[in-house]
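Here is what each chain is made of, one letter per residue.
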Amino acid sequence: MPVFPGQLRYIRKNLFHAVFILDPASLSGLEAIDTIISLFENNLPMRFGVILYSEKLVEKIEENDGELPVAHLKDDQDDISSLVMRLFLHIKENHGALMAFQFLSNVNKLRVESAAEDSLEMHQVEGAFVETILPTATSPPQETLLKLEKDQTLSELSHESSVFAFKLGLAKMGCSLLMNGLVYEPNEEALINAMNDELPRIQEQVYYGQINSHTDVLDKFLSESGVQRYNAKIIADGKVKPKFVSLCASILAKESILNDLYYLHSPETMDDLKPVTHLLVVDMTSKKGMKLLREGIRYLISGSKIARVGVLFNANKDATLPSLVFMKAFEMTTSSYSHKKGVLQFLDQLCSFYEQEYILASVDTKSYQKIIDRVFQLADANGLPSKAYESSLPGFSAENLTSYLNKVAQFLFRTIGVESGINAVVTNGRVIQLLEGSTFLSHDLHLLESLEFKQRIKHIAEIIEEIKWDDVDPDVLTSKFISDVVMAISSSSSTRDRSSESARFEILSAEYSAVIMQNEHASIHIDAVIDPLSSSGQKLSALLRILSKYVQPSMRLVLNPVSSLADLPLKNYYRYVVPTTDDFSGTDHTVNGPTAFFSNMPLSKTLTMNLDVPEPWLVQPLVAIHDLDNILLENLAETRTLQAVFELEALVLTGHCSEKDHEPPRGLQLILGTRNTPHLVDTLVMANLGYWQMKVFPGLWYLQLAPGRSNELYVMREDGEGGQDSTLSKRITIDDLRGKLVHMEVKKRKGMEREKLLVPVDDDDSHSTTKKGSQNGWNSNILKWASGFIGGKDQSKKEANSSLEPKSGGRYGKTINIFSVASGHLYERFLKIMILSVLKNTHRPVKFWFIKNYLSPQFKDVIPHMAHEYGFEYELITYKWPTWLHKQKEKQRIIWAYKILFLDVIFPLALEKVIFVDADQIVRTDMGELYDMDLKGRPLAYTPFCDNNKDMDGYRFWKQGFWKDHLRGRPYHISALYVVDLVKFRETAAGDQLRVFYETLSKDPNSLSNLDQDLPNYAQHMVPIFSLPQEWLWCESWCGNATKSKAKTIDLCNNPMTKEPKLQGAKRIVTEWPDLDLEARRFTAKILGENIEEPQEQIVPPHQIESTNEDSSSEDNESKAEL
């Protein structure tokens, strides 16, 4: 039956099963009960259930090695959780499940109504019981209550429920939800999302006949992929990626810790192949380490046919003599007597004695005779030869054992990544560190064995078992040798990132559209499906060509073109370049390097050169004589050859920031630096996936929360499998050219849980007051602290006295920050003119911000000299396009996107305001007036389009159709000049909102025709725009000549009627333009050592423009696309 999107389906069958595991005396547990009752009363099509447990009893069970503690069973009258469970069971048996749940709801109601909201008290439970059963009671409820408090049968049932929760592994999570066997957070939102995720899976199985009206859905799901226990460290939920290390090199090395290691096995399985290897890293000086060791021994006692256990002792401090004796006895036992029947019991008893006598009790750490005597006794009791211990233990060498411990510590740190004193489990290369507050039981080892064998190890073991070891000595082919090989290969292969996606290529037809390349001796076969006229097909075909040359696989290439095309999809020529052995000379030390060579290129077409580099690379052209954006080969003289040198300038460090049970903390400010200089670069966290990025170089870096509100509200959580401890910084090592993706988690500081990171200012007056006077804004601390990182170390001091202290070139006052972008030599020419026009009209210091991505090497060579000559500051900034954001294909549209999409992250956090000025714009006034203008609390300020040139009425698309309906009376603004209040822009998360609009609209090729202009105008309902007075931007096309005299800036916007080239229009429209242009060209020629011609160019009247310049080569792609 069809339903509306998001509407629930009501089917008379138990398809969804929600089981809450909770402590009925806990705050989270009682709130979960209210959620259950609310959803049930609203007829949610779901079956609800609860598993109740006592947190106190679970802790006792864990301390008692997984068994019910007898002492607690005799005296659990003070355990409120156990009492609630007994009363719940009684009501359920005698009055039904609905009333039992109502009892739990009444408990929470009385708790909330009382003064003590955080803890449950006994009288509240008793009152809720009386209130629940009183309407239907046949005897006084108080008498029933007294009997139930001592009822042995109900007590045993409540204890069994706690044991069951303990064995599930879910009791440690506080309150949790099982939805059809999958673990979720216990809240309504997670439950509904889980239903929506589960429904398509059920629909698919119904469609294929795997589920019918007689199928028990829950039983089917659990039998197919269910496990007996849950542990978040083992069952990765996708947020935390499991850590794998390769043990291959350590096993192959002659003098390796692993080659000298002996393993323990379950009884009567020592000679069997053990594909699963657990290495227990144990701190023998800690209670937690000994707990892990005993759980490993019990794991083997309970029986495992496919696993073995090795122990690597890892002392947190200098090991005492008793510790060394214990280690010596343990290793002696595993090396000589692991085949004996009673060896596991002996080791378990020895561990228990050592823990009780030397870790839990305060004894003389120098006296070790007691443990030696105990070893002799336990050996005799368990059938081990005590005389062997008597001859070896008394004369042990403490120096040799300490040296061995140091060797183990070096191996663990360098190979496994485990520091001294840390307990860990390493299973065939998978590393699970056990931090404070976490436990690992024998049940968890069984779970780890089951999952790792099924997902990773099983297929490798099957392949290795089939290998014929013809050239290997039969005496070497022991079960230990084969087990080591399985461990080495499975650990090594797991360190590689693999895609979870798979495809069945064997079903593809190869009769007509496939190219088959056979190689009988190939060890690799490649199936590839390629659209030959796609950009991805370009890259894939080049890669396959290289593989065929050096790997020599067998291949099957299936061509899969689009059936019909409106035009040719490919608009570029592509070469794939990779270093090969051919790059190195065989006769000398010459390194030629990889090259990309294009031949037979069209001479009369305008081309653009770009590099397609790995995502983490920031590459800039270093040497390029010609304009790489406008290449015309016929103008390159007789050689018609163009060369360019590119530089890998930096790497991009990217990451995702999360907060458990919450949306990503958008607006959270991060800083990155070294230990001595903690703030070198900064950024903020986006709402989209909690994404952030920074520019880095190889080396050691430290990531921190920025001082101010971010650091006041949040703290970073420690690395490693859900650790609870906080940390001030996160160490990041950049040691290769592949970049790094960092996952970080933050949590609110205690007492700050209800505080919001982004605190918007309610009214305009308070906004201006905050910025100018009180400095209590959301990031005022970071602005004051980091101001020295903009424009030099003394910038903050200068700004403190900005109104009085003169600056370079005699300029004084507050700095005006101007942002612009240009691509190609033509627009860089315009950009220099714009810079001069700004500087000649203000006495205040100016700092220009240019997007570095598209500037030519010549401009980057000239701009430092120009800044020195004319007395201004500048900074080149860049931002790598995020992989998750829909990317534009045309270079011009990418540049437009950079003008608007990354304003919150592309500038340093200390920058408060910036003005964007188009490169082809001429300024006629002091930009300080615009910089100081009050924007009335709006994050953006644009100038609306003029409407007094009536000849252009037919081209004003915003006054008709979609735009007229969407704007609803709001003006449509031009994007050639705008002001960004970065403080307001960041605090209102305007950048995130613009990116959401962009992601939605950009996938439609018919939307965002003028991307940098359409996007803010479309989003102004959510990201409000302050409309600047009309005189701030004048252009002839839309405004006409009547208002030109009042113009404060003139933009050379394109005229859709005449299509006049910009160079020609600039000379005609702006009287000062030729002089500014000549000045800029003369200065550029002086720096570059070139000669310039100064022709007397005639200005063409407007009526002749269309006929004389229609095919002018000066008109570039940007001119064509611009309004």
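All residue numbers refer to position in the chain's written sequence, counted from 1. For this predicted model, a pLDDT threshold of at least 70 governs which residues receive local features, and a threshold of 80 or more governs which side-chain atom pairs are given and counted, while totals over whole chains, interfaces and linings are taken from all residues. Working from all heavy atoms in the structure, the side-chain values ignore hydrogens and water.

A.B. asks: Is there a simple way to think about the overall build of the chain in this case?
C.D. replies: What counts as a helix is a DSSP run of H or I of at least four residues, what counts as a strand is a run of E of at least two, and both are numbered from the N terminus. A tally of helices and strands in the chain yields 37 helices and 32 strands. Among the 1123 residues that make up the chain, the fraction classed as buried is 48%. The protein chains shown are the only cover counted for residues, whose accessible areas, like all others here, come from Shrake-Rupley with a 1.4 Å probe. A total of about 57200 Å² of accessible surface is found on the chain, and carbon and sulfur atoms cover 50% of it. A 1.4 Å probe rolled over the protein chains alone gives each residue an accessible area, and that area as a share of the maximum for its type sets the label: buried under 20%, exposed over 50%, partly exposed in between.

A.B. asks: So what exactly am I meant to see when it comes to a nonpolar patch on the surface here?
C.D. replies: Patches here: salt-bridge-free residues with over 30% relative accessible area, like charges joined within 9 Å, nonpolar side chains (Val, Leu, Ile, Met, Phe, Trp, Tyr) joined within 5 Å. For this document, the term salt bridge refers to a Lys or Arg side-chain nitrogen within 4 Å of an Asp or Glu carboxyl oxygen. On the surface, Leu-533, Val-562, Leu-565 and Leu-568 cluster together into a nonpolar patch covering about 340 Å² of accessible area. Counting through the fold element by element, Leu-565 comes out in the loop between strand S13 (554–559) and strand S14 (617–623). Leu-565 gets classed as partly exposed once you look at its relative accessible area, which sits at 45%.

A.B. asks: Would you take a moment to explain the sheet that holds strand S10 (residues 430–434) for this structure?
C.D. replies: Strand pairing requires that DSSP identify at least two bridges connecting the strands. The mixed open sheet is built from six strands, whose spatial order is S5-S10-S9-S7-S8-S6. The open sheet has two free edges, formed respectively by strand S5 (243–244) and strand S6 (263–264), since each of these has just one partner strand. Both strand S7 (residues 276–282) and strand S8 (residues 307–313) contribute to a ladder of seven bridges, which runs parallel. For Val-282, the partnering residue across the bridge sits in S8 and is Phe-313. Contacts are assigned to residue pairs with any non-hydrogen atoms lying within 4.5 Å of each other. Whenever a helix is involved, its axis is fitted only over the stretch in contact; in every case the axis is a line through C-alpha atoms, and angles between N-to-C directions fall within 0 to 180 degrees. Each of S5, S7, S8, strand S9 (423–427) and S10 touches helix H17 (residues 398–416); the most contacted strand, S8, lies at about 115 degrees to it. Those strands touched by helix H19 (residues 479–494) are S5, S6, S7 and S8, and its axis lies near 75 degrees from that of S8.

A.B. asks: Help me understand the pairing of strand S15 (residues 645–659) in this model?
C.D. replies: For a regular strand, the rule is simple: side chains alternate between the two faces of the sheet. As paired strands, S14 and S15 are joined by six bridges and run antiparallel to one another. Note that in S15 the partner of Val-619 across the bridge is Leu-648. The pairing of S15 with strand S18 (residues 691–696) spans six bridges and is classified as antiparallel. Bridge assignment links Leu-653 to a residue of S18, and that residue is Met-694. Where S15 meets strand S23 (residues 740–748), seven bridges bridge the pair, whose relative direction is parallel. Bridge pairing links Ser-658 to Glu-745 in S23.

A.B. asks: Is there a simple way to think about the sheet that holds strand S29 (residues 940–944) in this case?
C.D. replies: Paired through backbone hydrogen bonds, the strands of a sheet run either parallel or antiparallel to each other. Spatial ordering of the open sheet is given by S26-S25-S24-S27-S30-S29-S31, a layout of seven strands whose pairing is mixed. With partners counted over all chains shown, the strands left at the sheet margins are strand S26 (873–877) and strand S31 (1025–1027), one partner each. The sheet shows a mean angle of 30 degrees between the axes of neighbouring strands, taken without regard to direction. One ladder, built from five bridges, connects strand S25 (residues 846–851) with S26; its direction is parallel. Within the sheet, the bridge partner assigned to Ile-851 lies in S26 and is Ile-877.

A.B. asks: Help me out: how do you make sense of unusual backbone geometry in this one?
C.D. replies: Keep in mind that most residues, glycine aside, have a negative phi and that most peptide bonds are trans. Look at Gln-552: it is not a glycine, yet its phi comes out positive at around 55 degrees. Within the secondary structure layout, Gln-552 lies in the loop between helix H20 (535–550) and S13.

A.B. asks: Sorry if this is basic, but what is going on with the pattern of salt bridges here?
C.D. replies: Proximity of charged atoms lets side chains of opposite charge pair with each other. Counted by the stated rule, this structure contains 39 salt bridges. A salt bridge links Asp-920 to Lys-1062, with the nearest nitrogen and oxygen atoms 2.5 Å apart. In this pair, Asp-920 is assigned in the loop between strand S27 (913–917) and strand S28 (921–923) and Lys-1062 in helix H34 (residues 1062–1069), connecting sequence segments 142 residues apart. The two residues Asp-920 and Lys-1062 agree in class, both being buried. Residue Glu-1072 pairs with Arg-924 through a salt bridge whose shortest N-O separation is 2.9 Å. Of this pair, Glu-1072 sits in the loop between H34 and helix H35 (1073–1088) while Arg-924 sits in the loop between S28 and helix H28 (927–931); the two residues are 148 residues apart in sequence, bridging distant segments of the chain. By relative accessible area, Glu-1072 is classed as partly exposed at 22%. Each member of the salt-bridge network shares a partner with another, and the members are Lys-291, Glu-295 and Arg-298.

A.B. asks: How should the environment of Leu-178 be read in this particular structure?
C.D. replies: As for its placement among the helices and strands, Leu-178 is situated in strand S3 (residues 176–179). Sequence separation of Leu-178 and Ile-21 is 157 residues, and the distance between their C-alpha atoms is 7.8 Å. When near neighbours in sequence (up to four residues on either side) are disregarded, Leu-178 contacts His-17, Ala-18, Val-19, Ile-21, Leu-170 and Val-183.

A.B. asks: Explanation requested: the state of the cysteines in the structure shown.
C.D. replies: Here, the word disulfide means a covalent bond between the sulfur atoms of two cysteines. Two cysteine sulfur atoms make up a disulfide if the distance between them is within 2.5 Å. This structure, assessed with the given rule, holds two disulfides. With its sulfur 2.4 Å from that of its partner, Cys-1035 forms a disulfide with Cys-1053. Since a negative S-S torsion denotes a left-handed disulfide, the Cys-1035-Cys-1053 link at about 100 degrees is right-handed. A residue pair is termed long-range when its members are at least 10 positions apart, and Cys-1035 in the loop between S31 and helix H33 (1036–1039) and Cys-1053 in the loop between strand S32 (1049–1051) and H34 qualify at 18 residues. Here the chain pairs its bonded cysteines, counted in sequence order, in the arrangement 1-3, 2-4.

A.B. asks: Help me understand the confidence of the model for the chain in this model?
C.D. replies: The predicted coordinates should not be examined in detail at positions where pLDDT is low. By definition, pLDDT measures how confident the predictor is in each residue, and it falls between 0 and 100. Residues with a pLDDT of 70 or more make up 87% of the chain, whose mean pLDDT is 82. Across residues 761–806 the pLDDT falls below 50, and counting only partners more than four positions away or on other chains, this stretch makes 75 contacts in the model.

A.B. asks: How do you make sense of the side chain of Asn-180 when you look at a structure like this?
C.D. replies: Positionally, Asn-180 belongs in the loop between S3 and strand S4 (182–184). Among the residues examined, Asn-180 registers a relative accessible area of 5% and is labelled buried. A polar contact of 2.8 Å, which involves the side chain of Asn-180, links it to the backbone nitrogen of His-17. Leaving out residues up to four positions away in the same chain, Asn-180 has contacts with Leu-15, Phe-16, His-17, Glu-198, Ile-202, Leu-218 and Phe-221. N or O atoms within 3.5 Å of each other form a polar contact, as long as, within protein, one can give a hydrogen and the other can take it, and as long as residues adjacent in sequence are counted only when both atoms are side-chain atoms.

A.B. asks: When you look at helix H8 (residues 152–168) in this model, what are you seeing that I'm missing?
C.D. replies: Residues spaced three or four apart along an α-helix point in a common direction, a consequence of the helix completing one turn every 3.6 residues. Between its terminal C-alpha atoms H8 stretches 25 Å, which fits the 24 Å expected from 17 residues at 1.5 Å a residue. Listing the buried residues of H8 in full gives Leu-154, Ser-155, Ser-158, His-159, Ser-161, Ser-162, Val-163, Ala-165, Phe-166 and Leu-168. Just downstream of H8 lies Gly-169, where phi reads positive at about 80 degrees. Residue count minus one, scaled by 1.5 Å, sets the expected span of a helix.

A.B. asks: Is there a simple way to think about the packing of aromatic side chains in this case?
C.D. replies: Centre distance and the angle of the planes are the two values used to describe a pair of aromatic rings. A pair of aromatic rings is counted whenever rings of Phe, Tyr or Trp (Trp by its six-membered ring) have centres within 6.5 Å, and the orientation is called stacked for planes under 30 degrees apart, edge-to-face for over 60 and tilted otherwise. For the structure on display, the rule yields 40 aromatic pairs. Relative to Phe-330, the ring of Phe-313 lies with its centre 5.4 Å away and its plane at 90 degrees, an arrangement referred to as edge-to-face. Placement of the pair is Phe-313 in strand S8 and Phe-330 in helix H13 (residues 321–336), with a sequence separation of 17 residues. Phe-330 shares its class with Phe-313; the two are buried. One aromatic cluster is present, formed by Phe-945, Phe-957, Trp-958, Phe-962, Trp-963, Tyr-972, Phe-997, Tyr-1018 and Trp-1038 through successive ring pairs. Positioned over the ring face of Tyr-263 is Arg-308, at 3.8 Å from the centre of the ring. When the ring centre of Tyr-931 is taken as reference, the NZ or CZ atom of Lys-913 above it lies at 5.8 Å. Charge-over-ring contacts are defined here by two conditions on Lys NZ or Arg CZ: a distance within 6 Å of the ring centre and an angle within 35 degrees of the ring normal.

A.B. asks: How should the packing of helix H5 (residues 97–113) against helix H6 (residues 122–133) be read in this particular structure?
C.D. replies: Helices that pack against each other are described as a pair by the angle of their axes relative to one another and the distance between those axes. Their axes nearest at 8 Å, the elements H5 and H6 cross at an angle of 135 degrees. One way to sum up the angle between H5 and H6 is to call them oblique. Note on packing geometry: the crossing formed by H5 with H6 is right-handed. Side by side, H5 and H6 meet where Met-99, Gln-102, Phe-103, Asn-106, Val-107, Lys-109, Leu-110 and Arg-111 of the first sit next to Gln-124, Val-125, Gly-127, Ala-128, Phe-129, Glu-131 and Thr-132 of the second. Here the residues of the contact of H5 with H6 are counted per class, giving seven nonpolar, five polar and three charged. Just so you know how the angles are binned, under 35 degrees is roughly parallel, over 145 roughly antiparallel, 65 to 115 roughly perpendicular, and the rest oblique. By convention the crossing between two helices is left-handed if the near helix lies anticlockwise of the far one by an angle smaller than a right angle, and right-handed if it lies clockwise. Note on residue categories: nonpolar means Ala, Val, Leu, Ile, Met, Phe, Trp, Tyr, Cys or Pro, charged means Asp, Glu, Lys or Arg, and polar means any other residue, Gly included.

A.B. asks: Could you clarify how one ought to interpret H17 in this entry?
C.D. replies: End to end, H17 covers 26 Å across 19 residues, agreeing with the expected 27 Å (1.5 Å per residue, within 8%). The set of residues buried in H17 consists of Leu-401, Leu-405, Val-408, Phe-411, Leu-412 and Ile-416. Mapping the buried residues of H17 onto a view down its axis gives an arc of 125 degrees, with all of them on the same face. Those residues of H17 that are exposed and angled more than 90 degrees off the buried face are Glu-399 and Arg-414. Taking the helix axis as origin, the arc is that swept by the directions to the C-beta atoms.

A.B. asks: Explain the nonpolar core here, please?
C.D. replies: One recurring pattern in soluble globular proteins: nonpolar side chains tend to sit buried together. Residues grouped as a nonpolar core are buried Ala, Val, Leu, Ile, Met, Phe, Trp, Tyr and Cys residues, joined through side-chain atoms within 4.5 Å. Ranked by size, the top nonpolar core spans 111 residues in total, and within it Phe-848, Phe-902, Phe-907, Ile-915 and Met-927 carry the most contacts. The greatest single-element share of this core, amounting to 10 residues, is contributed by helix H25 (residues 825–839). Judged by nonpolar contacts, the second largest core, of 61 residues, contains Val-282, Tyr-299, Phe-313 and Phe-376.

A.B. asks: What is the right way to read the environment of Arg-844 from this model?
C.D. replies: With respect to the helices and strands, Arg-844 occurs in the loop between H25 and S25. Judged by relative accessible area, which is 9%, Arg-844 ranks as buried. Those residues in contact with Arg-844, other than ones at most four positions away along the chain, are Arg-811, Tyr-812, Gly-813, Lys-814, Ile-816, Gly-928, Tyr-931 and Asp-932. At 2.6 Å, the side chain of Arg-844 and the side chain of Asp-932 are in polar contact.

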